[in-house]
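# A look at the structure
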Amino acid sequence: MTSNQPSGIRLQNVSLTLGTKNFRFDCELPAGAITAITGPSGSGKSTLLNLIAGFETSESGRVIIGATNVTALHPSQRPVSLVFQDNNLFAHLDLATNIGLGIHPSLKLSAPDGKRISTALERVGLAGYEKRKPGTLSGGERQRAAFARALVRERPVLLLDEPFAALDPGLRQSMAALLLELHRETRNTVAIVTHDAGELRQLADHALFIDHGEITLQAEIAVFLMRRDVPGLTEFLDL
Amino acid sequence: MLTSAERQRGYAGGGVVFAGIVLFIALAVFALLSFDSGETDRPLFDAYVWRILRFTLWQAGLSTLLSLALALPVALALARQPKFPGRIWIIRLMAVPMGLPVLIGALGLIGIWGRTGILNSALAAIGLSEPISIYGLSGILIAHVFFNLPLACRLLLAGLERLPPDYWRLSASLGLPALSVFRFVEWPAVKPLLAGVAGLVFMLCATSFTLVLVLGGGPAATTLEVAIYQSLRFDFDPARAISLALLQIAVTATILALMALLPTPSADSTATGRAARRFDGTGFGARAWDRIIVVLAVLFLCLPLASILLAGLKADFARLLTAPVFWKAAWTSLWIAFLAGLISLTTSIAIINARAAITDARKPGLTARGFSALLASLSSLVLLVPPVVIGTGWFLLLRPYGDVASFAPLLVVMINAMTALPFVIRVLSPAFATHRQYTARQTANLGIFGFSRLRLIDLPVLTAPLATAFSFAMALSLGDLGAVALFGSEDLVTLPWLVYSRLGSYRTADADGFALILALLCLGLTIAGTVGQRGRKDDGS
């Protein structure tokens, strides 16, 4: 599971009911590419991500990552790393511990592991921040630390749920650039939920548009941006 | 997001705890119901029993009315004067009676309002001869107001401070006079809270034991709880105790059912002195009124507290502290409180975890949801059957198996643990929920389980609320007279029992001294429990 081989993600006839909302997903996120997941608020973007991560379990259909059927697996057994909008770090632990937990969940770390943590911090521009607590960092620095943890985890899939939504516009730009760099180095499969049409253009190779719990368009980014016949999409792109 | 093993552990823990509590209470009630007194001629509810019921409801109603009527002007005054000197300390003072052992509060009130207290002495000096009695109905009312006015005041003040600050700017720009502000802004904010607050205060007053035991007690001023105690302890009349206990359960069940229909009052986040800017209340008349109201309230609350301290300091501590009975009582009190706190804490954690496990299963079945609701209602079940009733039941149940005195300490521990349960759950539940919300997805994704999670993720964050809850439960148990009153004896002496028995044998100075020690112990515990929480608010990732 710690291999760097890119793994595509497939959702085959996945369905789920939460409260009064019904979701039906059938899609493919290509291996080694960045797929943007877009759509109006409440349409089911985060639900799709939660199904891949294992925080929601589908009632029917299959979730496949690489060659493995992960439908019934606990989140910890799936080959994914996660970055949310916030609460990516344990507030009471310093950055080295927070990142170390990504290497070993009971924190049995060797000396080389310590080196890896420092290298990862350095890579995201937080060199020397090992002993800092999340509360002393800015929002952008906390997201960088979350990226550093995703780096040491070396999972083939990275899921991001509006990771830059809480940041200033200028900062979003540079964080997106960092994400792109890391993606090119690791060649991982990335799924990013975003509300931001600019981010979509800057990052995505592929895109999904979700409306009322169903995927109404999945296409390569060039095609995605050209389409004018999908209800709601034009308004979204012009935002 | 829990693994299935974690979820099953949650269910199992909840099941064990639920069965334990229900059995503990149900066996007591069953023992009461099946007791055969051998008398057949006496009706279950005779005139005496009805009189007690009437008085219980009458004093609770009056206490509620007085507490609310007096709390309202205090809350309005405090809300209107956000810059009142020492305002934050006055609001903190309002929390003190809640944490003060009831018996100690009663002693303080006797010190001020009693026959030789400063109030009646002052009244005597201006020619009136002792018009106020701290004993009987008037005393019970004074004491209930002392304990419940601050509670009502905090809840009403919180309601006023939840109003958007724009309301005050708007009232000022419209030039509303004070009466209009009250009619159109303050009263509409307070009115929906009154029923809930009244329900809470009525419940506390209808089940009040220690205050009525110390200040009332005669046939004219006895509540159901005290009458149960007296019929067992003095008259040994289990049949009467049973009819009284059944009535008591009926009364609490009715109140709880009515309260369930009312909105729960909350003192959330606001009653911390963070008040909105007010533009009214600056005129001479308004300021004078507010000041007089607040000063009177502060005096009413502070004088008994000061009396506890001053009267206590007069005691002969050299003698008190070397008396073997003190050390015996202190030791007994501490280990009972420790065990009760521990049981209360583990029980609460099991209940919280079981409910979390049920919520975690995204689509819990009807059984699971029903079980979750039952677990949530355990706190009410504990309130439904008062300690003295549980004690009575177990007294009858254990009598055939030997000397009840030998089971007594264990029963006191269990009853105290049950009494503390609703409070412990109220402290822990939001802390656990917030912690879970912040960490559940991360721990699940990173695969941090079992001991690692406990050590790295849960304990560092939850130690503070756990300590708060534990010390709170210990303080509650340490100051409790209710459970021990039924079983107290030469062999089972706790600190409150020691204070009470000294008071009963008119050794008031000794009672005051022991009371001060007990008050300091409870205060120390409360402070120790809240120390860990300071400076933990800095994290925001």
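Thresholds, definitions, all that
Residues numbered from 1 in each chain as written. Chains lettered and ligands numbered in written order. Predicted model: local features only at pLDDT ≥ 70, side-chain atom pairs only at ≥ 80, totals over all residues. Heavy atoms only, no water. Helix = DSSP H or I, 4+ residues; strand = E, 2+ residues; numbered from the N terminus. Expected span 1.5 Å × (residues − 1). Bend = angle between axes of the 7 residues up to and from the residue. Phe/Tyr/Trp six-rings, centres within 6.5 Å; stacked < 30°, edge-to-face > 60°. Buried < 20%, exposed > 50% of the residue type's maximum accessible area, 1.4 Å probe, protein only. Lys NZ or Arg CZ within 6 Å of the ring centre and 35° of its normal. Contact = heavy atoms within 4.5 Å. Buried area = accessible area lost by both parts, 1.4 Å probe. Salt bridge = Lys/Arg side-chain N within 4 Å of Asp/Glu carboxyl O. Pairing = 2+ DSSP bridges. Disulfide = S-S within 2.5 Å. UniProt positions renumbered as here; feature names shortened; annotations may be inferred.

### Side note on helix H9 (residues 178-206) of chain B
The first and last C-alpha atoms of H9 of chain B sit only 36 Å apart over 29 residues, clearly below the 42 Å expected at 1.5 Å per residue. Approximately 50° is the largest bend angle found in H9 of chain B, and it occurs at Trp187 of chain B, with the proline Pro188 of chain B only one to four residues beyond.

### Here we look at the packing of aromatic side chains
The geometry of an aromatic ring pair comes down to the distance between the two centres and the angle between the two planes. Applying the stated criterion across every chain yields a total of 16 aromatic pairs over all chains. Their ring planes at 85° and their centres at 5.9 Å tell us that Tyr229 of chain B and Phe234 of chain B sit as a pair that is edge-to-face. Under the relative-accessibility criterion, Tyr229 of chain B is labelled buried at 1%. Taken together, the ring pairs connect Trp113, Phe146, Phe147 and Phe300 of chain B into an aromatic cluster. Sitting over the ring of Trp168 of chain B, Arg278 of chain B keeps its end group 3.5 Å from the ring centre. Sitting above the plane of the Phe84 of chain A ring, Arg441 of chain B keeps its charged end 3.7 Å from the centroid.

### Let's talk about the interface of chain A and chain B
The partner chain B presents 27 residues to the 31 residues of chain A that form the contact. For the pair chain A and chain B, the summed buried area comes to about 2,500 Å², and 56% of that belongs to carbon and sulfur atoms. Considering only the surface of chain A that becomes buried against chain B, Asn87, Phe90 and His92 of chain A emerge as the three largest contributors, covering 25% of it. Run the count over chain A and chain B and you get zero salt bridges.

### Overview of the pairing of strand E8 (residues 189-193) of chain A
Residues and elements named next belong to chain A. Counting buried positions along E8 yields five of five residues, so the element is predominantly enclosed. On E8, burial covers both faces: Thr189, Ala191 and Val193 on one face and Val190 and Ile192 on the other are all buried. Summarising the sheet, strand E3 (residues 34-38) and E8 pair through four bridges and their orientation is parallel. What sits directly across from Thr35, in E8, is Ala191. The pairing of strand E7 (residues 157-161) with E8 spans five bridges and is classified as parallel. When the bridges of E8 are listed, Val157 appears paired with Thr189.

### Side note on the state of the cysteines
According to the stated counting rule, one finds zero disulfides over all chains in the structure shown. Between Cys205 of chain B, a cysteine without a disulfide, and Cys153 of chain B, which holds the nearest cysteine sulfur, the sulfur-to-sulfur distance is 16 Å.

### As for the UniProt feature "domain: ABC transporter" (unreviewed entry) in chain A
Under the UniProt annotation, "domain: ABC transporter" (unreviewed entry) lies at residues 9-237 of chain A. Between the end C-alpha atoms of residues 9-237 of chain A there is a gap of 25 Å, over a span that is 36% helix and 26% strand.

### Looking at helix H18 (residues 404-446) of chain B
The terminal C-alpha atoms of H18 of chain B, which comprises 43 residues, lie only 54 Å apart, well short of the 63 Å expected from a rise of 1.5 Å per residue. Remark: Gly447 of chain B follows H18 of chain B within two positions and exhibits a positive phi of approximately 70°.

### Quick notes on the side chain of Thr223 of chain B
Residue and element names in this part refer to chain B. If you trace the backbone, Thr223 turns up in the loop between helix H10 (210-215) and helix H11 (224-233). Relative accessible area serves as the criterion here: at 0%, Thr223 is assigned to the buried category. Here Thr223 is in contact with Ile52, Phe55, Thr56, Gln59, Ser208 and Val212, once residues within four sequence places are set aside.

### Some details on unusual backbone geometry
Residues and elements named next belong to chain A. Of note in the backbone geometry, Asn87 takes a positive phi value of approximately 55° without being a glycine. The residue Asn87 is located in the loop between strand E6 (80-83) and helix H2 (95-103) in this model. A relative accessible area of 19% means that Asn87 is categorised as buried. The phi angle at Glu154 is positive, at roughly 50°, despite the residue not being glycine. Within the secondary structure, Glu154 sits in the loop between helix H4 (139-153) and E7. Take Glu154: its relative accessible area is 36%, and that puts it in the partly exposed class.

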